[in-house]
Protein chains: 2
Amino acid sequence: MSRVFKALSDPTRRRVLELLREGPLSAGELAEHFNVSKPTMSAHFAVLREADLITSEKRGKSVLYHLNMSVLEEALMGFAEVFGLDVSVKTRIGAAHRDGASS
Amino acid sequence: MSRVFKALSDPTRRRVLELLREGPLSAGELAEHFNVSKPTMSAHFAVLREADLITSEKRGKSVLYHLNMSVLEEALMGFAEVFGLDVSVKTRIGAAHRDGASS
DNA sequence: ACATCATTTAGATGATTAGCTAAGTATCTA
DNA sequence: TAGATACTTAGCTAATCATCTAAATGATGT
């Protein structure tokens, strides 16, 4: 739980998660959106991976990062519950999810 | 936003908020629940105040701390929205809210 | 005024953090 | 095998963090 909030406490990392919401992206593609060095980005990815908010997958030369939505959801839910708040998945009517994963 | 998540990234501070959920408590009363020195607790209070998650009120010799529920709510809402999540106030049927604030 | 109680400020320390450059590891392609 | 491409690891620095003890502030009570 602390790890998740720690991860979320950095704007760059929050933005990374936001970008991944639309679908998986490579480390390089993600890095293009920020004005910091690749190694710095790599460190941010590591923090997010530690918190289990993202997962990585080797794809040829690249590394694809996926958002772990369920972890984000559950962390927020678990925390919110204590304060009498409900976290639920917003129903986006007609939202087509372009998700490359199998099935 | 970063300030809120940073504040939430420490378990002691999360627990302080949780304790304040039941109603205002003095610095000393709060400190009793933890195994750290008073000055350390005072520093934690400062972080929470910076994030506007709590407010302080002088009451005689003591300082009363109040939870700023609306700020917590709005921060969580604002963040969750980006990820297609809804945060709402849990309806606690029959919950008498002992809260002096007007409407 | 003085002592006491409640809390914060000052000042120090060791650990962690975000950032960098330079070097290392994999993978592809010629 | 050599070169290029995509990332990560190593190693550094400056800043922030959580913690402590000791001292300062502020309010109450005698």
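These numbers were taken from a predicted model, which means no experiment stands behind them.

This paragraph deals with the relation of the copies chain A and chain B. Rotating chain A by 180° about the axis while translating it 0.0 Å along that axis superimposes it on chain B, leaving an RMSD of 0.1 Å. The relationship between the two copies is best expressed as a two-fold rotation axis. The position closest to the rotation axis in chain A is occupied by the C-alpha of Val87 of chain A, lying 2.3 Å away. Take the interface residues of chain A: 100% of them recur as interface residues in chain B, which is what a same-surface contact looks like.

All names here are of chain B. Between helix α2 (residues 11–20) and helix α4 (residues 38–50), the shortest axis-to-axis distance is 10 Å and the interhelical angle comes to 75°. Between α2 and α4, the interaxial angle falls into the category roughly perpendicular. Between α2, through Thr12, Arg13, Val16 and Leu17, and α4, the contact on the second element is made entirely by Met41, His44, Phe45, Val47 and Leu48. Each residue belonging to the contact of α2 with α4 can be placed in one class, and the counts come to six nonpolar, two polar and one charged.

For the rest of this paragraph, the subject is the environment of Glu74 of chain A. By the secondary structure assignment, Glu74 of chain A is in helix α5 (residues 69–82). Residues Glu74 of chain A and Val87 of chain A lie 13 residues apart in sequence; the distance between their C-alpha atoms is 8.8 Å.

The subject of this paragraph is the confidence of the model for chain A. Residues with a pLDDT of 70 or more make up 89% of chain A, whose mean pLDDT is 91. Counting contacts from residues 98–103 of chain A, a segment whose pLDDT is below 50, to residues more than four positions away or on other chains yields two contacts.

What follows covers the packing of aromatic side chains. All chains considered together, the criterion is met by seven aromatic pairs over all chains. Ring centres of Phe5 of chain A and Phe5 of chain B lie 6.0 Å apart, and the angle between their planes is 25°; this geometry places the pair in the stacked category. Placement of Phe5 of chain A in helix α1 (residues 2–8) and of Phe5 of chain B in helix α1 (residues 2–8) is noted, with the two residues assigned to different chains. With a relative accessible area of 1%, Phe5 of chain A lands in the buried category. A ring pair is formed by Phe45 of chain B and Tyr65 of chain B, whose centres lie 4.6 Å apart and whose planes are at 40°; its orientation type is tilted. Here Phe45 of chain B, found in helix α4, pairs with Tyr65 of chain B, found in strand β3 (residues 62–67); they are 20 residues apart in sequence, far enough to count as distant. Residue Phe45 of chain B shares its accessibility class with Tyr65 of chain B, and that shared class is buried.

Quick notes on the rules
Residues numbered from 1 in each chain as written. Chains lettered and ligands numbered in written order. Predicted model: local features only at pLDDT ≥ 70, side-chain atom pairs only at ≥ 80, totals over all residues. Heavy atoms only, no water. Least-squares fit on C-alpha atoms with pLDDT ≥ 70 in both. Contact = heavy atoms within 4.5 Å. Axes fitted to C-alpha atoms, helices over the stretch in contact; angles between N-to-C directions. Helix = DSSP H or I, 4+ residues; strand = E, 2+ residues; numbered from the N terminus. Parallel < 35°, antiparallel > 145°, perpendicular 65-115°, else oblique. Nonpolar A, V, L, I, M, F, W, Y, C, P; charged D, E, K, R; others polar. pLDDT = per-residue confidence, 0-100. Phe/Tyr/Trp six-rings, centres within 6.5 Å; stacked < 30°, edge-to-face > 60°. Buried < 20%, exposed > 50% of the residue type's maximum accessible area, 1.4 Å probe, protein only.

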